[in-house]
Every structure is written in structure tokens, then in C-alpha cells.
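So you can see what is in the structure, the chains are spelled out below.
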Amino acid sequence: MLKLLKATMVRIHRILVFKKYYAYDKTSFLQRCIIKRNSCSESVNKVTIDKDKIRNFSIVAHVDHGKSTLADRLLELTGVIKPGTEQTQVLDQLQVERERGITVKAVTASLNYTYENKTYLLNLIDTPGHVDFSNEVVRSVTACQGVILLVDANEGVQAQTVAVHSLAKRNNMTIIPTLNKIDLPRADPDKVKTQLKSLFNFDPETVMSISAKKGWGVKELLEAIIKRIPPPPVSSDGHFRAHIIDTWHDKYRGVLCLAYIHSGKIQIGQAVKWLSETKQQTVKSLALLRPKEEPIDEATAGQVVMVGCGPKGGGSVGDQLLSTDYPLKEISTSTNHVKHMVYAGIFPADQSQHTLLSDAIKKLALNDSAVSMHPDSSPALGQGWRVGFLGLLHLDVFTQRLLQEYKAEAILTAPSVPYKVKVKGAKIIKQYKGDEVIITNPLLLPDPNNIEEYYEPFVIGTIITPVEYIGPVTTLCLDRRGSPLPTSAVDDKNTLMQFILPLSEIVVDFHDTLKSITSGFASFDYQDHGFHPSALARMDILLNGVLVEELSTIVHVSRLEYNARRLTEKLKEMIPRQMVQVAIQAVVGGKVYARETLKAYRKDVTAKLYGGDVTRRKKLLKQQAEGKKKMRSVANIKIPRNTFIDVLKR
Ligand SMILES: Nc1nc2c(ncn2[C@@H]2O[C@H](COP(=O)(O)OP(=O)(O)OP(=O)(O)O)[C@@H](O)[C@H]2O)c(=O)[nH]1
């Protein structure tokens, strides 16, 4: 009884303390909680930092060359994490990143480092390596003056190294070429320095050598950052202006933004406005990310800080935050146009989940600015969205994040690259606003009789491979309708090959095939090469004569028979046998190109049970019922939901 009384008193006391703080100021209450959580980090920063002591830089590299491991060592050297902490790749915070071992989001960490008795503020941005997340790299470099170009001393320069190098060059950034993994027995720093000299003209003397895993040379690299990368070219006088490089949603504080300040100062409580809207807002949250939030009262030009304008505040990537008196005519806007490589329909598993999924997609899209969304509807699947992604891995990660971070399950339709058609007499057909129409959903392809010309998206693919695989790589690219461009030598053992390839031929499994025919040695990256005239047709899949909308695809005419056979055979393998016989047909313009028949069958999950415990029988039937929920039903035929994507893989 006494214990119960004591516990109740403690609870009442906690509620009173909570109310006192909460009533005082919601934001500062939350900030105080965060300060408490971060008690090991430094005290609240009130000092205006001199821009000459700021360095903003990104780590860029080919996938798996050690960016996140290097970020760990930098966090250790600057006292953010203790050396030898059990957690590695600290900046890979998302569940999907930890499960897959890849970075998908660029993450910022503001670090303090004292060099020659001066304390510097180093804003580090760790970026993803995979081409599907290249938008994160493009976004990050807009807040930086330099990059560490990391190259695995064993693998050497890879396709993505070439891509990030040219991105850094285009943005006039200071590049610190750095060899990583020099601890590996097979590392060959001299060979890689020669590659860096021949491909990018880097003086071997300026190339740093480190082992991010062992920590070798990382201190020297940190000092090279201070010495070689210039401070941000900004002024803290004048009106406040910042541009937004990332956004995310917080349950209590609404939209939070990562901002790079170009001019002036920003303070808690200051009135600000967005370039995109006229409404005035007040700065409610301001913090450095170390990478945990460290609340500050003021930030100045050159800094990369987190800003929030309360639950009703806005903010989106690319937008600008300004002081209310900022002269708008002085602003030059540059738009970073994201080119989507694949589109897929996203629909709720059942329509009662529409609001939940809609909410989840909006919040996730805030944090993943590379996706584009348009409402879409289908008679079979109801209301949903047509979503544009940078590639299939991006699509996969997006749906995994929907499920893991927002508990929202979605049905996906077969991904398709965008096509373009020129419509005959577009002025007469009202639904087409111009005569050239981008088709992101195969079902919306106009009637072939109304199409004057079809266009297909192409890319320039860059492949770096050991010379002994030149033959198989050429065969693969020609087989995928590629046309070769001139090659160049990386060194005496490796070559850089380029091909113009149709995007549709590389999005699904090109990379995996390339890896398997080159024993994992070749690397691949691609850049947009625009639309080119092509011969295309829409292929539909019918199950017992009923159209399965999710499986319609646009196919090059030379691939019609091959694709029809492959799709029907694969569907026969993937669709479980049903109570009735199922005819699977691939049809183009009313003509059947391939047909398979799935024999009728009823799976009796309890067949192996000989009498005995009724609970066991019930359990098996329950499991079977749960499995059925994961099916999509077309004309009473149950199709597993993942079929729509898996069927496209060769
Ligand atoms: N031996 C050795 N292994 C390293 C070194 N640096 C990184 N690694 C290993 O290389 C692998 C990839 O490292 P990450 O830091 O995840 O690479 P990343 O570039 O961040 O990968 P993505 O973000 O997915 O592109 C991990 O297994 C690391 O342990 C190093 O200096 N030496």
C-alpha cells in the first residue's frame, strides 16, 4: 500500500513538472529534452563563428569504397563518438541502411577540431555511393566547397568515381583525392595513383593515403581539409538567406530543414519567409547536427544548420529561407531538375488504407526529394499514385521505408521507364495538350493508330572493366541494343568503355549480369542521353482472358516474342496453382504472342497431419489464410503481390 502511494506521488510530481515546462514553451521543452539526451556533447553554441574557420565538405566515392567508415573515424577524431564504439557506420541511421549495408541518405555532422590553436567548424556530409541515390550527392555538394574523393586502393577507379569526379569539377569544388583501404594486402596505391593521374590529372604528390578501418592517415586528412578546402565565400553582413538541402518530418515540430546559410544571420524567434510563399514564419528550432541535434540560438553565413518554423512551418528541398526584408529581385533561382528513370503505380492494399498510405507517402517524400508523385487510379486497384524513382533500388528502398518507418503496406505495379510519343492530330484529341506526350504508365499509351512516332529514353553507360572481359561486356551491351562509343585505357590492365543504351534494357538486371560475367570486377554508371525515335508496342498479360493491369509493359518490337515467352513462363512459375486451370497469355494489339497453362490444384496444407491435435490443424489453416492476404486477386486468380516486380527480372 505504502509502495503504491509512493509510486502515485512520484507520477503526480512528474506530470506537474512536465506541465510546467510544456506550458512555458513547447519547443524549448523539447530542446531541453534533447540537450539532456546530448549531455555528453558540448554546451549550447551562442558564439558567432568566423567564416574563415568553417569548412564544408562531402565524402564522395564509388559504392563500398569506405565513405561511412571514414566518417566514423572523423567523428572519433573530433570527439563525437568514443574510439572503439561498437556501432559502426554511425551516420547510416535508417533501418534500411543498416539492413542492406548501404547509404541511401546523405547525412550531415558538424564537427569541432582544433588545429594550430584555432578551433574550426567542419561540416561533413556523408553521401551514398549507389547511382540510384546520386540525387543526394548532387544536393549535398551545393552546400560544400570541397570533396574528399575516396578511391579503394585495391579496386582502383570505378565508374561511380568518374561520375562523382565530374560532378565535383562541374561545381568548381576543391577535390582531395584520397586512397582508402591501404591496409589490405592486395592494395596497390601506386597503380591507383597512376589511374588518378591518367584519368583526372591529379598530381600523385597531392593524393592522400588512408585506412579508414584502422584510422591510418585520417588525422593528416583532417588537416588537409582545413588547409586545402577554402572557407565558404559568404558574408554574415546583410540580409539573411539560406537554401534548403534536406527536409524531414518531426511528430511534434513539423517540417525540419537542413539549411546552408549564404548571407546574414538567423536567430531563434526571428521572422522569416520562404521564397515560394508570402506567409511570414518564425524560427522556432535552430540546431547544429553533431549528428545529434545541439540547439543553438544563432547561426551565421557559411554554416549548415537545422531550422524549423513550428508545426505549421513549411520548407522543401531547393526552396530558400529569407529574412522578411530580403529584396526578392536580387535572388537568382537555379532548379536542380531530377530526371526520373522508372515509374511505378503505388496503391493501398485495400482502399480503407488509402489515407494512411497517402500520409506516409507525403512524409517520406519530404525526406526523399528525388521522388515525384501524381494521383493515379485504376479500376482494379482503386485510387493510388504514379511515382517516379531514380532506379529500381530506389523504388525498393522507398517501399521498404514506407513499411518500416510508417507501417504502410502498398501494392506496386510493374515499373516502367518513361516513353514519349508524338500524337497524330493532337489538336483534335482533347486529352493531349501538345503533340508530344510523356507516357509514364503503359496503360495510358494512346491507340497505335493515333501515334505518329514513338521515342525511347537512352543513357550513356560507362563501364570500367579489366581488359580480359572486354569481349563478354561488348556482347552483353550489343545484346541489350547498345551502340559502342570510343574506349579509353584506365591503366595497362583496365579499360573504360562507353555505350549508348536504351534505359529499359539496363534498369532491371543489367548491373547484376555485368557483375556475374566479369566475376564482379566491372563497375557501371549511367547518365541521361535523352529520347530517341524507336519502334514500340504495348504488351498486355491476360489471365483466363482478364487483363492484369499491373503487368502491362511497353516493349521494343524486336523483343516482342522473346518478352512474351519469358513473361508467360515466369508467371507460370510464380503464380501458385489454383482451384481452376489458368491460361496465361501475352497479347499485343489483340494478337497472342505466347501462352502457358497453369494446371488446377488445391494445396491441402493439413495433408501431412494424421489426426492428432486440432490446434495444430487450426494453426496451419490460419497461416494459409494469412498467406492469402498477401495475394492480389484477378478474376478469382490469386497472384502473390511481389510478382509484379519479380516477373520483370530475367
Ligand atoms: N580493410 C579495410 N576495409 C575497409 C576500409 N574502409 C572501409 N572498409 C570496409 O569496406 C566496406 C564498405 O565500407 P562503407 O564505409 O560502408 O562504404 P561506403 O562507401 O560508405 O558504402 P555505400 O555508402 O553503400 O556506398 C565495409 O565492410 C568496411 O568495413 C579500410 O580502410 N580497410
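What counts and what doesn't
Residues numbered from 1 in each chain as written. Predicted model: local features only at pLDDT ≥ 70, side-chain atom pairs only at ≥ 80, totals over all residues. Heavy atoms only, no water. Buried < 20%, exposed > 50% of the residue type's maximum accessible area, 1.4 Å probe, protein only. Helix = DSSP H or I, 4+ residues; strand = E, 2+ residues; numbered from the N terminus. Pairing = 2+ DSSP bridges. Domains from an automatic or database assignment. Contact = heavy atoms within 4.5 Å. Buried area = accessible area lost by both parts, 1.4 Å probe. Salt bridge = Lys/Arg side-chain N within 4 Å of Asp/Glu carboxyl O. Nonpolar A, V, L, I, M, F, W, Y, C, P; charged D, E, K, R; others polar. Axes fitted to C-alpha atoms, helices over the stretch in contact; angles between N-to-C directions. Arc of directions from axis to C-beta.

Draft legend 1. Representation of the pairing of strand β16 (residues 320–323). In β16, alternate side chains face the same way, and those of Gln320 and Leu322 on one face and Leu321 and Ser323 on the other are all buried. Bridge analysis of strand β7 (residues 241–250) against β16 gives three bridges, and the strand direction is antiparallel. Bridge pairing in β16 links histidine 243 to glutamine 320. Here strand β10 (residues 271–274) pairs with β16 via three bridges, running antiparallel.

Draft legend 2. Structural view of the domain arrangement of the protein chain. Along its sequence, the protein chain is carved into domain 1 (51–228), domain 2 (241–329), domain 3 (342–415), domain 4 (420–534) and domain 5 (537–648). Taking the mean C-alpha position of each, domain 1 and domain 3 sit 33 Å from one another. The interface of domain 1 with domain 3 comprises 13 residues on the first partner and 14 residues on the second. Here domain 1 meets domain 3 over a buried area of about 1,200 Å², counting both sides, of which 51% is carbon and sulfur. When residues of domain 1 are sorted by the area they lose upon contact with domain 3, Val96, Arg100 and Asp132 head the list and together hold 42% of the total. Summed over the shared surface of domain 1 and domain 3, the number is zero salt bridges. Within the residue set of the side of domain 1 that touches domain 3, elements represented by two or more residues are α4 (95–100) and α5 (134–141). Among the elements that line the side of domain 1 that touches domain 3, the one with the most residues is α4, at four residues. Of the residues assigned to the side of domain 1 that touches domain 3, the class counts are five nonpolar, three polar and five charged.

Draft legend 3. View of the sheet that holds strand β20 (residues 410–412). Overall, antiparallel pairing links the four strands, which are arranged β18-β19-β17-β20 in an open sheet. Lying at the two open borders of the sheet, with one neighbouring strand each, are β18 (372–378) and β20. Strand after strand, the sheet turns through a mean of 35° between neighbouring axes, direction not considered. Relative to strand β19 (residues 382–389), β18 runs antiparallel, the two sharing seven bridges. Bridging across to β19, methionine 373 finds its partner in valine 387. Packing of helix α9 (residues 354–367) onto the sheet brings it into contact with β17 (342–348), β18, β19 and β20, and relative to β19 it is tilted by some 15°.

Draft legend 4. Representation of helix α11 (residues 470–479) in the model. Three or more residues of α11 are buried, namely Val473, Leu476 and Cys477. End-on view of α11: buried residues confined to an arc of 95°, all on one side of the axis. Buried-residue contacts for α11 involve β23 (451–466), β25 (494–502) and α13 (510–517). Positive backbone phi, at 65°, marks arginine 481, one or two positions downstream of α11.

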